[in-house]
Structure formats: structure tokens, C-alpha cells
Amino acid sequence: MAERRHFIRILYRTPAKLQQAQEQWSAEVRDLSLQGILLTCPPDWTPRPDENYCISFCLHDCDIELTMDTRLVHHDSDYLRMQILHIDIESASHLKRLVELNIGTDELLHRELEQLADLKKHLNE
């Protein structure tokens with residue numbers, strides 16, 4: 001099977017809140033990238049693939065909360081794979097820094113940011 005990922009995913013585990021309209025579930029972040037996030041599937045969750053979800057979580061050992069609007073890409077009984085559709089500038093800055101710290105080189109980070117910019121450009125065409 002061909003690898004379709006364009007972004008490096010980093011392992012990151014922390015509790016998260018998953019929201020859709022008036023419903024809310026507890027989940028756990030398992031990994032993330034500049035474009036997506038992998039969560040554990042809440043036991044009482046029912047999929048609604050055509051609707052957007054809001055995900056929020058705090059960075060370890062601080063009160064910085066990242067919030068993002070996402071769409072469900074794939075799910076199974078264990079995990080939810082979500083694509084980030086919108087993220088506020090402050091959350092994006094923290095996410096970029098988190099990825100930067102885990103990638104290890106400026107070259108890889110710049111490649112990631114270029115791929116994200118190219119992807120957004122093509123989606124808007």
C-alpha cells in the first residue's frame with residue numbers, strides 16, 4: 001500500500017475534548033501533524049462523517065489550550081483520524097512549535113510548512 005501522508009506525524013498523548021454541536025466526548029490525542037490529528041475513539045461516540053468537529057486539548061504541564069475545527073477522515077473502533085480544517089493563529093503557532101521541537105531540524109520543518117501552504121493553495125483553486 002502506498003504511503004499517502006504528506007506530513008510528519010509526531011507522537012503526542014494528552015486528554016482531549018471532542019465536540020460536535022451540543023455533544024461532547026472525552027478522547028485522547030495519540031499523534032498529530034500540521035494537517036491532522038489522531039484521537040482515541042470515545043466509547044459512546046457515534047460517527048457523523050459529514051459534519052465538522054471541534055477538538056481542544058492542553059499542552060503538557062501548562063495551561064496553553066489548542067483548539068481546531070476538524071473533519072472526520074477515517075474511523076474504526078479504536079481511533080478517529082481527523083483533518084484540520086481551521087485553527088486559530090495562536091493554536092497554529094503552538095502546534096508549529098510542538099512539531100518543530102519534535103522534528104529536530106529546520107529543513108524538515110520548512111518542508112512541512114511548504115507542503116501545507118501548497119496543499120491550502122490547491123484546495124482554494
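Our subject is the structure listed above.
A brief report on the enclosed structure follows.

Calculation criteria
Note on numbering: residues in each chain are counted from 1, in written sequence order. Only residues with pLDDT of at least 70 are given local features in this predicted model, and only at 80 or more are side-chain atom pairs given and counted; all residues enter the totals for whole chains, interfaces and linings. In computing side-chain values, all of the structure's heavy atoms are included and hydrogens and water are not. Per the convention used, a helix needs a DSSP run of H or I reaching at least four residues, while a strand needs a run of E reaching at least two, with both numbered from the N terminus. To sort residues, take the accessible area from a 1.4 Å probe on protein chains only and compare it with the maximum for the residue type: under 20% means buried, over 50% means exposed, and anything in between is partly exposed. A contact between two residues is defined here by any heavy atoms of the two lying within 4.5 Å. Here, Shrake-Rupley sampling with a 1.4 Å probe gives the accessible areas, and only protein chains in the shown set may cover a residue. Just to be clear on terms, a salt bridge is a Lys or Arg side-chain nitrogen sitting within 4 Å of an Asp or Glu carboxyl oxygen. Classification of ring pairs uses Phe, Tyr and Trp, with its six-membered ring standing for Trp, and accepts pairs whose centres are within 6.5 Å; under 30 degrees between planes counts as stacked, over 60 as edge-to-face, and the remaining range as tilted.

1. Here's the deal with the overall build of the protein
- Counting its regular elements, the protein contains 2 helices and 6 strands.
- For the protein, the α and β elements follow one another from N to C terminus as β-β-β-β-β-β-α-α.
- Buried residues in the protein amount to 36% of all 125 residues.
- When contacts within the protein are restricted to residue pairs at least 6 apart in sequence, those whose partners lie at least 24 apart make up 51%.
- For the protein, the exposed area adds up to about 8,000 Å²; of that, 49% sits on carbon and sulfur atoms.

2. Thoughts on the pattern of salt bridges
- In the structure shown here, the tally under the stated rule is 3 salt bridges.
- A salt bridge links arginine 81 to aspartate 76, with the nearest nitrogen and oxygen atoms 3.9 Å apart.
- The partly exposed category is assigned to aspartate 76, whose relative accessible area is 32%.

3. Some points on the packing of aromatic side chains
- Taken as a whole and judged by the stated rule, the model has 2 aromatic pairs.
- For the ring pair tyrosine 12 and phenylalanine 57, a centre distance of 6.5 Å and an interplane angle of 50° mean the geometry is tilted. Residue tyrosine 12 is located in strand E1 (residues 10-20), and its partner phenylalanine 57 is located in strand E4 (residues 52-58); the two are separated by 45 residues in the primary sequence. This pair shows no difference in class: tyrosine 12 is buried, exactly as phenylalanine 57 is.
- Centre to centre, the rings of tryptophan 45 and tyrosine 53 are 6.3 Å apart; their planes meet at 45°, and the pair counts as tilted.
- Residue classification places tyrosine 53 among the buried positions, given a relative accessible area of 2%.

4. Concerning unusual backbone geometry
- At alanine 21, a residue that is not glycine, the phi angle is positive and equals roughly 55°.
- As for its placement among the helices and strands, alanine 21 is situated in the loop between E1 and strand E2 (23-32).
- Under the relative-accessibility criterion, alanine 21 is labelled exposed at 68%.
- The backbone of aspartate 61 sits at a positive phi, close to 60°, despite the residue not being glycine.
- The topology assignment puts aspartate 61 in the loop between E4 and strand E5 (65-75).
- Of the residues examined, aspartate 61 reaches a relative accessible area of 85% and is grouped as exposed.

So yeah, pure geometry; function would need other evidence.
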